[in-house]
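# Structure assessment
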Amino acid sequence: MLSSFHFATLAQVAISGLALGSLYAVALLGVLIVYQVSKNINFAYGQIGMVAAFGSYFLYSTAHLPTSLAMGFGILAAVALSALTDFLIIRRISHRPGLDFVVTLGELLLLTSLAELLLGTSAQSYLPLLSDLSWTVGGVFINANDLLAVALGIVCVAACAFVLTRTTLGISLRAAAEDPAVAQSVGISGPALRTATWAVAGLLVGVAGMMFASRLSVSSFYMTPLVINVFIAGMIGGLERFWPPIGAAFFIALYQAIISYLLGEAGGVPALFLLVIGALSVIPKRFLDERREARA
Amino acid sequence: MNAVKHARDPEFQEMAAPEGLSGSEASEPDRAGSIVRRAWRVLPPVLLAATLPLILSDYNLYLATQVAIYAIATLGLDIVFGRAGQLSLSHASFFGLGAYGAALMAAWGWVWWAQIPLVIGVAMVAGAIVAFPTLRLSGLRLALVTLLFGELFIWAIDHAGGATGGSQGLAVPPLQVGWFSSVAPIDAYALCVLVAAAATLLAVQMSRAQFGRRMLAVRDSELAATSVGIHIVRTKIQAFILAAVFAGIAGWLYAYVAGFVSPQTFDLFGSVNFLVAVILGGAGRVAGSWLGAVYIVLMPEVFTAIGYTNLFPLLGGVVLILVTLLLPGGLVEGLSRLRRLLSLGPRHALHA
Amino acid sequence: MRASSILKHVLILAVLGIILAGPTRATECKPDEKSPGVTGTEIKLGALMPMSGSAATGGIFGSAGAKAYYDIVNDAGGIQGHKINFTVLDDQYQPAVAQQQIRTLLQRDEVFAIAGGEGTPNFLAVVPFLERSGAPAIAPYAPSSELGNMKAPHVFMTAVNYITEFQIMTDYIVKTYKPKSLGLVGVQGNVGDDSKAGMEAAVKGTGVTVNYIPEVPGTPDFTPIATQLRDANADWVFLILTNADTGHLLEAMKRIGYTPKTAGWAGLDDDDYIKSFGALSQGMIIAEETAKIDSKDPRVQKFVSDFKAKTGHIPGKFEELGWVEAQIAVKALQDSKAFTRSCLMASLESIKDFKTGILPPITFGPTQRQGVNAVGLVQLQGDHTVEVVPFRSLQ
């Protein structure tokens, strides 16, 4: 369904896509650091973000906490949950490759159902987080929430890039990932560092989750389609790299926004599908293999 | 993907060292003995299947029919995931393909014996199509691509509303062949149990044959498998195709027995349910697939009875976590451990 | 599009044609027939309603309203000494769940009849099984052009279908406000198609365009739909989604700076919706199928006071709906010569001009399954709705 072409609308769609891409990037950072430090994927990653958003919603709407306090507790809950996932579960199965997927899938089901049980199954409106503030500049409608999202994206990406490449902490993290035995022998504690990395991932997805909620609505399941896009960006760009997957995150968001604009909301799923199939056919085999069998 | 401790997989051991045989050719009494043993093992399920229609109400017989249908589909996922180690999150889509195929062909008035080869054919093509991009992938990437296929299927159903009824779903007229009607409880039960028995036999035969061993080899180490001359690509594609065919047939039966299809039955949660069934029951075991099917059909009934229908996924989550951490072989392993414990008990007491 | 909708009608006809054995004349009351769900002391009634998911407010409050009425009847001794045992199962507004639950109600719980219901796609899914089983369904709230006729003879409808509702509403808006183009966002399937048909019938010959966007219930992100609507430049947007989805769509529209005038289905005149999303819905024209709670009609006032006495609070719209569904079921049972399904059917067919105050007068007949054909209109002003057009039928 081709709608008529308005430049102002296209510009707004692009800004909105950029904002969404920034949030994807923030969430993706958590996936990247966890994968690069502990070689694991948390399939319940999106739900940890949901806990931050839905949890803070519960705190400010039912328990009547001030919103900033509620948000703070929400983030804390996400951080704790992510760290616990590593501490209680991942540590036990890290020597058995492939199980992390199944067990975190179980965590996804568990968190979704608990959220439904405690908070109901309807989607609820979340805090606006500046989405009620807007201006029209040159005919283009600009929403402050979009600008906030872009700002957060820039800050988080820059901070992560800086830490990973220029600080001792970052270098030790990557060392510990490469060779845990050697790292331990020079005093870098593998397990503690890993749990800390998972904790930071919880922080990142918590922030992203709350921003997503402000743009859509919060429910037990709202993060799933979003986090699927995040994983796809990681898959296309390569989970062992940094800038390519971040770029892929922005690309996917813009791509879907423009396709939806041109072809209607029915265009989103097949467009994503074609993108992934296309990317898989084009990417050379050596960039895809995530199991280095010869090393085992 | 090493989801299971295959080295201790009893079926694998059986293949490697069948009981009762020394190195030489089995003698006549031994072969007769092993036939008797096999008949003895098969008898209880056959007796159970035969007596259920006599003791169960219509409603419970319908549930039993559903168990048979879901067992067929679960056996399919066990082939591609439990044995070949390919994590497929599109299994409910193959199930849905068979179901919607039945609904559409019924609407177009096709005879039943023309529908079955078409369902099988479409399922084979679908299985090959899904298998193709996944050949070079594993783990998360494999799961994501199969998940996307699943989303595409739901999208297609939702947006072809004129023919498929969209998200509202489509009624399926009963399958009537002479005196047989797919909505008559006993008829439906008999048909589904027979097909499920055939599927089970097929799965058992396959696991004992070359193909079964090839799949296990692919699951555990593609490098090692290639080094002994196993054609990885062919094995993976065959596994996907078989899984799709099992699920497609199950879906076809489902449509005629339930009388209604709608996309929510065949979405991501549907695929996750099948996964839970395989893992909970015990990956790589035929009995495990049946136990898993019993779980996914009967558990929701339990939750509805206590008034908390939407708690069923919660249990699924707990199950996945606990089973993976504590009992990787699923219920089948749990039951055999229990059996060993009970049979070892008195002996331990003697030695104590 | 037309060919496929014809195909769908033919399909439903074929399905139900196979099932329909009897001729379409008045149902004969057979007092000696064996019917499930009736004992010496109780009659079992059941319903499927969404108690979770985006349509949950309809089910939760609808079942509360029905239960209140049955409780009052039971307190007074029941119907000829039989207490009413009313079970509600949660179908989550999903056809797949509903078609499973109807078996639970009819085969496992063996209810005598289905009384009430909330939602169209979920109810349509149970119709084939219902018809096969021969149980009557009394006044489910499932507006649809597929129901209310002899294609589904066991279903007695008091909910006006969306073709009629939207035709009346569109007619009023076109004549009063003279818009140039209209948008429609509706639940995909029967609901959206019927609403679109009603709107198109009303704008025929006026040059006003109707732009329809179907929606899948429970959609997480309404931004694409909002953008499409804005680009189609509709002056008025008509809404027929679950209440929660409606609210989120309006929020998405506001976020992209698009605030057209709006009109919606009867379920939006609900305190819960107004509390959550009233600010975004000011001036919305809403269809009215049940009387306003503050109506001067003495029957409505009696309902409000009886309800308040039983539950301690003033009823809302969905509770009113559930209440009247129960009221119709009880009347049919009271007038039934015996507690068998055929006698219940005969009793329902004989209902003529039954005035509840809540609904326009209800009339069924041997071949008449649509009991009500009138709809009114209200407008949301502030935190309550004001009547703008009283109950009227299509001319």
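Residues numbered from 1 in each chain as written. Chains lettered and ligands numbered in written order. Predicted model: local features only at pLDDT ≥ 70, side-chain atom pairs only at ≥ 80, totals over all residues.

## Quick look at the overall build of chain B
Of regular secondary structure, chain B possesses 15 helices and four strands. Looking at chain B residue by residue over its 352 residues, the buried ones come to 52%. Long-range pairs, those at least 24 residues apart, make up 78% of the contacts in chain B between residues at least 6 apart in sequence. (Helix = DSSP H or I, 4+ residues; strand = E, 2+ residues; numbered from the N terminus. Buried ≥ 20, exposed ≤ 12 C-beta atoms within 10 Å, placed from the backbone. Contact = placed C-beta atoms within 7 Å.)

## Focus: the overall build of chain A
Broken down by element type, chain A carries 12 helices and two strands. Beginning at the N terminus, the succession of helices and strands in chain A can be written as α-α-α-α-β-β-α-α-α-α-α-α-α-α. Long-range pairs, those at least 24 residues apart, make up 73% of the contacts in chain A between residues at least 6 apart in sequence.

## What about the sheet that holds strand β6 (residues 181-187) of chain C?
Hydrogen bonding along the main chain pairs the strands of a sheet, whether they run parallel or antiparallel. Residue and element names in this part refer to chain C. Overall, mixed pairing links the seven strands, which are arranged β7-β6-β8-β9-β10-β11-β12 in an open sheet. Unpaired on one side and paired on the other, β7 (209-215) and β12 (384-393) mark the two borders of the sheet. Adjacent strand axes in the sheet meet at a mean angle of 20°, parallel and antiparallel pairs treated alike. Across five bridges, the pairing between β6 and strand β8 (residues 236-240) is parallel. Across the sheet, the residue bridging to V185 is L239, located in β8. Along the sheet, helix α5 (residues 162-177) contacts β8, β9 (261-264), β10 (285-288), β11 (374-381) and β12; its crossing angle with β11, the most-contacted strand, is approximately 55°. (Pairing = 2+ DSSP bridges. Axes fitted to C-alpha atoms, helices over the stretch in contact; angles between N-to-C directions.)

## Here we look at the interface of chain A and chain C
Listed as interface residues are 23 residues of chain A and, on the opposing side, 18 residues of chain C. Secondary-structure elements contributing two or more residues to the side of chain A that touches chain C are α1 (7-38), β2 (140-143) and α10 (243-263) of chain A. In terms of residues, the side of chain A that touches chain C owes the most to one element, α1 of chain A, which gives three residues.

## What to know about the packing of α1 of chain A against helix α9 (residues 223-237) of chain A
All names here are of chain A. At a minimum axis separation of 9 Å, α1 and α9 run at an interaxial angle of 65°. Considering only the axes of α1 and α9, their crossing is right-handed. Judged by residue contacts, Y24, A27, L28, V31 and L32 of α1 engage V227, N229, V230, F231, A233 and G234 from α9. Across the contact of α1 with α9, the residue classes tally to nine nonpolar, two polar and no charged. (Left-handed = near helix turned anticlockwise from the far one by under 90°. Nonpolar A, V, L, I, M, F, W, Y, C, P; charged D, E, K, R; others polar.)

## A look at the nonpolar core
In this structure, Y24 and L28 of chain A, I72, A243, F246 and A250 of chain B together with I138 of chain C are the most contacted members of the largest nonpolar core, which totals 322 residues. The leading source of residues in this core is helix α11 (residues 232-258) of chain B, at 18 residues. Once residues lying within four places of it in the same chain are set aside, the contact partners of A250 of chain B are I69, Y70, I72, A73, F95 and G98 of chain B. (Core = buried A, V, L, I, M, F, W, Y, C linked by C-beta atoms within 7 Å.)

## Regarding α9 of chain A
An α-helical turn contains 3.6 residues, so a residue and the one three or four places further along point in the same direction. Over its 15 residues, α9 of chain A extends 21 Å from the first C-alpha to the last, a length consistent with the 21 Å expected when each residue adds 1.5 Å. In terms of residue burial, α9 of chain A counts as a mostly covered element, since 12 of its 15 residues are buried. Regarding α9 of chain A, the residues found buried are M223, L226, V227, N229, V230, F231, I232, A233, G234, M235, I236 and G237 of chain A. Close packing links the buried residues of α9 of chain A with α1, α2 (45-61), α8 (190-215), α10 and α11 (268-282) of chain A together with α6 (139-159) of chain B. One or two residues past the end of α9 of chain A sits G238 of chain A, with phi positive at roughly 105°. (Expected span 1.5 Å × (residues − 1).)

## Some points on the confidence of the model for chain A
Residues and elements named next belong to chain A. Per-residue confidence for chain A averages 83 on the pLDDT scale, and 88% of its residues sit at or above 70. Considering each helix and strand of chain A separately, the mean pLDDT is smallest for helix α12 (residues 285-288), with a value of 54, and largest for α2, with 93. Of the regions scoring below 50 in pLDDT, residues 290-296 engages in six contacts with residues more than four places distant in sequence or in other chains. (pLDDT = per-residue confidence, 0-100.)

## Some thoughts on the confidence of the model for chain B
Overall, the predicted model of chain B reaches an average pLDDT of 83, with 89% of residues at or above 70. Across the interfaces of the predicted complex, the ipTM metric reaches 0.84, alongside a pTM of 0.86.

## With respect to the pairing of β12 of chain C
Regular strands have side chains that alternate between both faces of the sheet. In terms of strand pairing, β11 of chain C meets β12 of chain C through seven bridges, oriented antiparallel. Bridge pairing in β12 of chain C links L377 of chain C to V389 of chain C.

## Topic: the interface of chain A and chain B
Counting residues at the interface gives 39 residues for chain A, matched by 35 residues for chain B. For the side of chain A that touches chain B, the secondary structure elements donating two or more residues are α3 (67-93), α4 (99-119), α9, α11 and α12 of chain A. With 15 residues, the top contributor of residues to the side of chain A that touches chain B is α4 of chain A. In the side of chain A that touches chain B, the residues fall into 26 nonpolar, five polar and eight charged.

## With respect to the sheet that holds strand β4 (residues 137-138) of chain C
Residues and elements named next belong to chain C. An order of β2-β1-β3-β4-β5 is seen for the five strands of this open sheet, with the pairing classed as parallel. With one partner strand each, in any of the chains shown, β2 (83-90) and β5 (155-156) form the two edges of the open sheet. Pairing between strand β3 (residues 113-115) and β4: two bridges, direction parallel. Pairing of A115 across the sheet is with I138, part of β4.

## What about the pairing of β2 of chain A?
Residues and elements named next belong to chain A. Every second residue of β2 is oriented toward a common face, the buried set being F141 and N143 and the non-buried set V140 and I142. Relative to β2, strand β1 (residues 134-137) is paired through four bridges, and the arrangement is antiparallel. Bridge pairing in β2 places V137 opposite V140. Where β1 folds back onto β2 in an antiparallel hairpin, the turn is made up of two residues, including G138, whose phi is positive at roughly 60°.

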